[in-house]
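Commentary on secondary and tertiary structure
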Amino acid sequence: MQDCSTPRIKGFHAHVYFDASTLDQARALCEEAAQRFPLKMGRVHEKPVGPHPDWSCQLAFKPELFGEVIPWLALNRNGLTVLVHPITGSDLRDHRDYPMWMGAMRPLDLSDLADGAVEYDL
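Everything in this summary refers to the structure shown in the same document. (Residues numbered from 1 in each chain as written. Predicted model: local features only at pLDDT ≥ 70, side-chain atom pairs only at ≥ 80, totals over all residues. Heavy atoms only, no water.)

A word on the layout of surface pockets. Where empty space is left becomes clear once a probe the size of a water molecule has been rolled over the atoms. There is about 260 Å³ of room inside the largest pocket. The wall of the largest pocket is formed by 18 residues, among which His-15, Val-49, Pro-51, His-52 and Gln-58 lie closest to the centre. Here the lining of the largest pocket is composed, by residue class, of 5 nonpolar, 10 polar and 3 charged. (1 Å grid on protein atoms, 1.4 Å probe; cavity = no way out; pocket = protein on both sides within 12 Å on 5 of 7 lines; lining within 4 Å. Points joined across faces, edges and corners; volume = space filled by probe spheres on them. Nonpolar A, V, L, I, M, F, W, Y, C, P; charged D, E, K, R; others polar.)

With that out of the way, let us pick up the pattern of salt bridges. This model, assessed by the stated rule, comprises 5 salt bridges. With its nearest N and O atoms 3.0 Å apart, the salt bridge here joins Arg-36 to Glu-32. Placement of both Arg-36 and Glu-32 in helix 1 (residues 23-36) is noted, with a separation of 4 residues, approximately one turn of the helix. Residue Glu-32 is classed as partly exposed on the basis of its relative accessible area, which comes to 33%. Salt-bridge contacts for Arg-106 lead to Asp-54; the nearest nitrogen and oxygen are separated by 2.6 Å. Remark: Asp-54 occurs in the loop between strand 2 (40-45) and strand 3 (55-61) and Arg-106 occurs in the segment after strand 5 (100-102); sequence separation between them is 52 residues. (Salt bridge = Lys/Arg side-chain N within 4 Å of Asp/Glu carboxyl O. Helix = DSSP H or I, 4+ residues; strand = E, 2+ residues; numbered from the N terminus. Buried < 20%, exposed > 50% of the residue type's maximum accessible area, 1.4 Å probe, protein only.)

Here we take up helix 1. Over its 14 residues, helix 1 extends 20 Å from the first C-alpha to the last, a length consistent with the 20 Å expected when each residue adds 1.5 Å. Buried residues of helix 1: Leu-23, Ala-26, Leu-29, Cys-30 and Ala-33, and no others. All buried residues of helix 1 fall inside an arc of 135° around its axis, so they share one side. In helix 1, the exposed positions angled more than 90 degrees off the buried face are occupied by Asp-24, Gln-35 and Arg-36. (Expected span 1.5 Å × (residues − 1). Arc of directions from axis to C-beta.)

Bear in mind that shape data such as this cannot, by itself, settle questions of function.
What follows is the structure, encoded as structure tokens:
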């Protein structure tokens, strides 16, 4: 019998996408989010990193902050694209099966993502 249970969501990542012309806007957005909410702001990558096709900055937060962080990002992203996905322990499924997009969907390179267990510090 196949287990069809819903995976446990341990947290969320919001990846803010930008380019050279929106670098300052994205940095300001991420820094403000980190000041407003108890979340972890990652590095501001000025090159594609991991599965992300664009420059990006990651915001990592606990599930109980979803109802505050996501509406705030929706109202303050000012045209930036944001990929939001749960952290369930499978990078592949989190990016492939469970993504939520604010703005235009972008093609992700899933070739290096594992379907095995992975842990993140929130």
